[in-house]
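Spelled out from the first residue to the last, the chains are:
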Amino acid sequence: MTGSRIASLGHYQPAKVLTNEDLAGLVDTSDEWITSRVGIRTRHIAGPDEPVDELAAHAAAKALAAAGLAPSDIDLVLVATSTAVDRSPNMAARVAARLGVPSPAAMDVNVVCAGFTHALATADHAVRAGAATRALVIGADKMSDVTDWTDRTTCVLVGDGAGAAVVEASGSGEAGIGPVLWGSVPEMGHAVRIEGVPARFAQEGQSVYRWATTQLPPIARRACERAGLTPADLAAVVLHQANLRIIEPLAEKIGAVNAVVARDVTESGNTSAASIPLAFSKLVEQGAVSSGDPVLLFGFGGNLSYAGQVVRCP
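A. Region of the structure containing the overall build of the protein chain. Check the secondary structure of the protein chain and you find 11 helices and 14 strands. When burial is assessed residue by residue, the protein chain has 57% of its 314 residues classed as buried. Looking at the protein chain alone, contacts between residues at least 24 apart form 76% of all its contacts between residues at least 6 apart. Here the protein chain has roughly 12100 Å² of accessible surface; of this, 49% comes from carbon and sulfur atoms.

The structure is reproduced here in structure tokens:
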């Protein structure tokens, strides 16, 4: 077995921006109410002619271009999403078809907000075991499709977008993607839901807040330990972009005192499985982290699932 690494990243967001002032025209809310409770100022919303696989393909194409690779160099496509409309073809197959990836293994991963970090771990395992050479790992969600736009407690949170990573064998044999620490609290799965016909997003906000800020910090620290690091060694922390009131106390309790903390939620809202690769790709694009820097990725949410690993910045 060999190590794997993230070779490149890419992200994509729809052009339409929905502001807090726009939302105040839809429901009983205000910019002050939203920013004080969740820290979100804007979010991007896809149109009816922009399906999830299109968002995903745009992000994946950017990741491929950043790595200097062609679609034919990919033999595994993993898409983390919980907003696929159809059961088959799955989202990964649709994305592979859009990009022209020939005969890949193509699988969807539905772990909602922790989907990308689960998919990244799966790609890491496949590459290290020799089952794949290069993988496209994509987090993409169109949360606007499953949102009740009359419910001010949830509609102010969501956004649409996608982020992608190319995963390949590490030339040095070292682990550019650290061991994953993952799990769930299935008996509390009802706390975050996308269910019903039509499917609608709902959550028990206080339960999620308490779980995230009290139960997750020691788990995130253990993910660092598995990579042979302490939180103080981290250059950046990219948590699921759920809510600024969760991100900031969670990052503080982890103890990553020297790290840049991704706060893309303020501009993008909660994009579910897209949030971590979207925020990570932006940090790299902005030069906030350097190649080789250790970065903690930590997803959590739906099913009350979590998955985290330390990666080296491409």
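B. Spatial organisation of the pattern of salt bridges. A full pass over the atoms with the stated rule returns 11 salt bridges. Between Arg5 and Glu168 there is a salt bridge, with the nearest N and O atoms lying 2.6 Å from each other. In this pair, Arg5 is assigned in strand E1 (residues 4–12) and Glu168 in strand E7 (residues 160–169), connecting sequence segments 163 residues apart. On the accessibility criterion, Glu168 (11% relative accessible area) is buried.

C. Representation of unusual backbone geometry within the structure. In this structure, the amide linkage connecting Ser88 to the following residue, Pro89, adopts the cis form with an omega of 0°. Locating Pro89 in the fold gives a position in the loop between strand E4 (76–80) and helix H4 (91–99). Cis geometry marks the peptide bond from Val197 to Pro198, where omega comes out at -5°. Within the secondary structure layout, Pro198 lies in the loop between strand E9 (192–195) and strand E10 (200–203).

About the thresholds
- Every chain begins its residue count from 1, and numbering advances along the sequence as written.
- For a predicted model such as this one, the threshold for reporting local features is a pLDDT of at least 70, and the threshold for listing and counting side-chain atom pairs is 80 or more; totals across whole chains, interfaces and linings nevertheless cover every residue.
- Excluding hydrogens and water, the side-chain figures rest on all heavy atoms present in the structure.
- Secondary structure follows DSSP: runs of H or I at least 4 residues long count as helices, runs of E at least 2 residues long count as strands, and numbering of each begins at the N terminus.
- Accessibility here uses a 1.4 Å probe with only protein chains present; expressed as a share of the type maximum, an area under 20% marks a residue as buried, one over 50% as exposed, and anything in between as partly exposed.
- We call two residues in contact whenever any of their non-hydrogen atoms come within 4.5 Å of each other.
- Here the accessible surface of atoms and residues is derived via Shrake-Rupley with a 1.4 Å probe, and residues count as covered only by protein chains that are part of the display.
- The salt bridge criterion pairs a side-chain nitrogen of Lys or Arg with a carboxyl oxygen of Asp or Glu, the two atoms within 4 Å.

These figures capture arrangement, not role.
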